[in-house]
Amino acid sequence: MTESQRWFLLIVTLVLGALVYVLAPILAPFLVGALLAYLFDPVADRLEAKLGRTGAVVTVFVFMTALMALTVLLLLPQLGRQVQVLLERVPMIIDLFETRLVPLLESTLGVDLAAMDLGMLKSMLAGNWQQTGNLMAQLVGGITRSGLAVLAWIANLVLIPVVLFYLLRDWDLMMARIRMLLPRYLEPRVALWATECDEVLGAFIKGQLLVMLALGIIYATGLWLVGLDIALLIGMLAGLASIVPYMGFIIGILVAGIAAFIQFQEPMVLIWVGAVFAVGQALEGMVLTPLLVGDRIGLHPVAVIFAIMAGGQLFGFVGVLLALPVAAVIMVLLRHLHQGYKSSTLYGSAQVAEVELLNTEADE
């Protein structure tokens, strides 16, 4: 690569980064639409041979719309009722903490926790949980009073399906045009990187989303069979947290254990809660992950957490949407950089590095 080519790549990278930073407030619907188009493009490709591209896109689009509408109609009322139940039990949680946990901590740690004024907090919550339960209505009212905010919110919601439709229809054509625009000396290497990035993103966006959905259903169903009032809420929370391996299991079993003990006041119910999450974890390891994710290379859990937090800190919600794709690209670049370093004279002699590389490939 010549000096001018390096400068060209550096300038293009800086310009794209500056554009993302400046245009971040309006990029969210376009990025959401692009993410959905990426997820459903394989389905449209399979239907294209029978229905044509436009017919395949319309079929996928109608199916997605119906599925989302059905999910909203069925889940939102249930989740709203369970949030209300949870808010009603906040004073009971404080009572349990004050009468059982505080004495246990005092006797175990030898400290005096009497200075904690839990009574005031309990009375405040007990008197105001109804207002807290209407928080969403107050929030909607506040948004409605701001005409510009509500118009922008509606415009973004309407824009997402429009962007999705056109991107999904022209996805393959756009990828081919982007590939043709690449400098010829970079095109083979970028195509290789794009393939590897697709493996990483496929594992964490396509496969992992399906794993999260399946775990949410398993946890919610199991907790409902146990008799927990807020089974759906905890199941969905644990499923969402499962984007990081074991995070959903840890959060879910802790929250479900506390909620079950408060509802039933019996230690034996904790065994059933543990059994639900043990079954879910076993199914994830032996069935869901091998079937839905397979052997594709994914991002390390710490890399996922850092990427999402860093993206949110730098670019807000747009940064969160860009976090995983950018992390996948960086991971692929680092992998190739590592391979180049191992085969360079900086690491060792070229002959030794080549022999080690051949031995590694033979072991794989």
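All figures in this text were calculated on a predicted structure; none of them were measured in a lab.

### Focus on the overall build of the protein
Broken down by element type, the protein carries 12 helices and 0 strands. In the protein, the order of α-helices and β-strands from amino to carboxyl end is α-α-α-α-α-α-α-α-α-α-α-α. Out of the 364 residues belonging to the protein, those deemed buried represent 26%. Considering only residue pairs separated by 6 or more positions, the protein has 72% of its internal contacts joining residues 24 or more positions apart. Accessible surface for the protein amounts to roughly 22900 Å². Of this, 74% is attributable to carbon and sulfur atoms.

### A look at the environment of Val318
Mapped onto the elements, Val318 comes out in helix α11 (residues 317-342). By relative accessible area, Val318 is classed as buried at 3%. Put simply, Val318 and Val20 are 298 residues apart on the chain and 8.6 Å apart in space, counted from C-alpha to C-alpha. Setting aside anything within four residues of it in sequence, one finds Val318 in contact with Ala24, Leu27, Ala28 and Leu31.

### A closer look at the packing of aromatic side chains
Here the structure, examined in full by the defined rule, presents 5 aromatic pairs. Taking the centre distance of 5.9 Å and the plane angle of 85° together, the rings of Phe61 and Phe165 count as edge-to-face. Here Phe61 is found in helix α1 (residues 3-88), whereas its partner Phe165 is found in helix α5 (residues 147-181), with 104 residues between them in sequence. Plain terms: the ring middles of Phe249 and Phe277 are 6.4 Å apart, the flat faces sit at 70° to each other, and that makes the pair edge-to-face. Taken together, the residues span a long stretch of sequence, with Phe249 in helix α8 (residues 247-264) and Phe277 in helix α9 (residues 269-293) at a distance of 28 residues. Overall, the relative accessible area of 0% leaves Phe277 in the buried class. An aromatic cluster is built from Phe61, Phe165 and Tyr166, whose rings are joined through pairwise contacts.

### Concerning the UniProt feature "transmembrane region" (unreviewed entry) in the protein
Per the UniProt record, "transmembrane region" (unreviewed entry) is annotated on residues 7-40, 60-80, 146-168, 209-237, 243-262, 269-293 and 305-334. In the segment residues 243-262, helix accounts for 80% and strand for 0%; the C-alpha atoms at its two ends are 28 Å apart. Split by type, residues 305-334 is 97% helix and 0% strand. Its first and last C-alpha atoms lie 18 Å apart.

### Re α11
Between its first and last C-alpha, α11 extends 38 Å over 26 residues, near the 38 Å set by a 1.5 Å rise per residue. The sharpest bend along α11 comes to roughly 45°, located at Ala323, with the proline Pro325 sitting one to four residues further on. Taken together, the buried positions of α11 are occupied by Val318, Gly319, Ala323, Leu324, Ala327, Ala328 and Val332.

### Details of the nonpolar core
Core analysis: the biggest nonpolar cluster contains 24 residues, and Leu36, Ala37, Leu168 and Leu201 have the highest contact counts within it. Looking at which element gives the most residues to this core, the answer is α1, with 9 residues. Membership of the second largest hydrophobic core comes to 18 residues, among which are Ala214, Leu215, Ala260 and Val269.

### With respect to the pattern of salt bridges
Oppositely charged side chains are able to pair whenever their charged atoms sit close together. Per the stated rule, a full pass over the model turns up 5 salt bridges. Among the ionic pairs, Asp41 bridges to Arg53, the shortest N-O distance being 2.8 Å. No difference in accessibility class separates Asp41 from Arg53, as the two residues are buried. For the salt bridge of Asp45 with Arg53, the shortest nitrogen-to-oxygen distance reads 2.6 Å. The class for Arg53 is buried, based on a relative accessible area of 14%. Residues participating in the shared-partner salt-bridge network are Asp41, Asp45, Glu48, Arg53 and Asp172.

### Describing the packing of helix α7 (residues 231-241) against α8
Angle between the axes and distance between the axes: these two values describe a pair of packed helices. The interhelical angle for the contact between α7 and α8, taken along N-to-C directions, is 160°, at an axis separation of 7 Å. Judged by the inter-axis angle, α7 sits roughly antiparallel to α8. Considering how the two elements wind past one another, α7 and α8 form a crossing that is right-handed. Contacts between α7 and α8 involve Ile234, Leu237, Ala238 and Ala241 on the former and, on the latter, Met247, Gly248, Ile251, Gly252, Val255, Ala256 and Ala259. Classifying every residue of the contact of α7 with α8 gives 9 nonpolar, 2 polar and no charged.

Procedures and definitions
- Residues numbered from 1 in each chain as written.
- Predicted model: local features only at pLDDT ≥ 70, side-chain atom pairs only at ≥ 80, totals over all residues.
- Heavy atoms only, no water.
- Helix = DSSP H or I, 4+ residues; strand = E, 2+ residues; numbered from the N terminus.
- Buried < 20%, exposed > 50% of the residue type's maximum accessible area, 1.4 Å probe, protein only.
- Contact = heavy atoms within 4.5 Å.
- Areas by Shrake-Rupley, 256 points an atom, 1.4 Å probe, with all protein chains shown as cover.
- Phe/Tyr/Trp six-rings, centres within 6.5 Å; stacked < 30°, edge-to-face > 60°.
- UniProt positions renumbered as here; feature names shortened; annotations may be inferred.
- Expected span 1.5 Å × (residues − 1).
- Bend = angle between axes of the 7 residues up to and from the residue.
- Core = buried A, V, L, I, M, F, W, Y, C linked by side-chain atoms within 4.5 Å.
- Salt bridge = Lys/Arg side-chain N within 4 Å of Asp/Glu carboxyl O.
- Axes fitted to C-alpha atoms, helices over the stretch in contact; angles between N-to-C directions.
- Parallel < 35°, antiparallel > 145°, perpendicular 65-115°, else oblique.
- Left-handed = near helix turned anticlockwise from the far one by under 90°.
- Nonpolar A, V, L, I, M, F, W, Y, C, P; charged D, E, K, R; others polar.

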